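Residue-level structural notes
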Amino acid sequence: MYELKDEYLTGIESIDSEHKVLFGIADEIYELCKNEFVPDKYDDIAALIQRLKDYTHMHFEHEEAYMESIQYKRMFTQKVQHDNFRQKLESIDLDVVDDDQEKAIEDLLKFVTDWLVEHIMQTDKLIGK
Ligand SMILES: [Fe+2]
Ligand SMILES: [Fe+2]
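Treat the numbers as computed from the prediction; the structure is a model and nothing was measured.

Side note on the coordination of the iron ion (ligand 1)
For the iron ion (ligand 1), the protein coordination sphere consists of His-19 (NE2), His-59 (NE2), Glu-63 (OE) and Asp-124 (OD), at 2.0 to 2.2 Å. Relative to the metal, the four donor atoms surrounding the iron ion (ligand 1) lie at angles of 81 to 169 degrees, and the coordination shape comes out irregular. When the donors of the iron ion (ligand 1) are listed by position in the chain, the intervening gaps give H-x39-H-x3-E-x60-D. Taken as an interatomic distance, the gap from the iron ion (ligand 1) to the iron ion (ligand 2) is 3.5 Å; Glu-63 donates to each of them. Highlighted residues: Glu-63 in helix α2 (residues 42-69) and Asp-124 in helix α4 (residues 101-127), separated in sequence by 61 residues. Grouping residues by exposure puts Glu-63 and Asp-124 together as buried.

Shown next as structure tokens:
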């Protein structure tokens, strides 16, 4: 369902490989969510969502360090967008998600991956130019 497409590539290998991992984790969550044969999967899904959050934080740190190292001139825009998204991730509370967990998780994944695609295409791709 979710994967890094060629059109998302920035041309900076370290950044691209981390983006790939992010989509990979999102996909793992999606697949687990859809798997009807796994009972009681919500603890695992919650743990994976935590991994997605942690990995996103780490990726932003790496990306920002890289931009600093090349004295990237559009760094401020990047940081504002990252900070914004960091706050959104922090506000996710899975305990609140209850009535329809599967739908809630799908909505969450869609929100996260839509943001990633938009940010990569409009902002991260400029780093390599
Ligand atoms: Fe990125
Ligand atoms: Fe970024």
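A word on unusual backbone geometry
Phi at Asp-40 takes a positive value of approximately 50 degrees, unusual for a residue other than glycine. Along the polypeptide, Asp-40 turns up in the loop between α1 (13-34) and α2. Classification of Asp-40 by relative accessible area gives exposed; the value is 74%. Even without glycine at this site, Gln-71 takes up a positive phi of about 50 degrees. Here Gln-71 is to be found in the loop between α2 and α3 (75-90).

About the cut-offs
- Residues numbered from 1 in each chain as written.
- Chains lettered and ligands numbered in written order.
- Predicted model: local features only at pLDDT ≥ 70, side-chain atom pairs only at ≥ 80, totals over all residues.
- Heavy atoms only, no water.
- Donors = N, O, S within 2.8 Å, 3.2 Å for Na, K, Ca; no water.
- Tetrahedral: all angles 85-135°; square planar, octahedral: opposite > 155°, others 65-115°.
- Helix = DSSP H or I, 4+ residues; strand = E, 2+ residues; numbered from the N terminus.
- Buried < 20%, exposed > 50% of the residue type's maximum accessible area, 1.4 Å probe, protein only.

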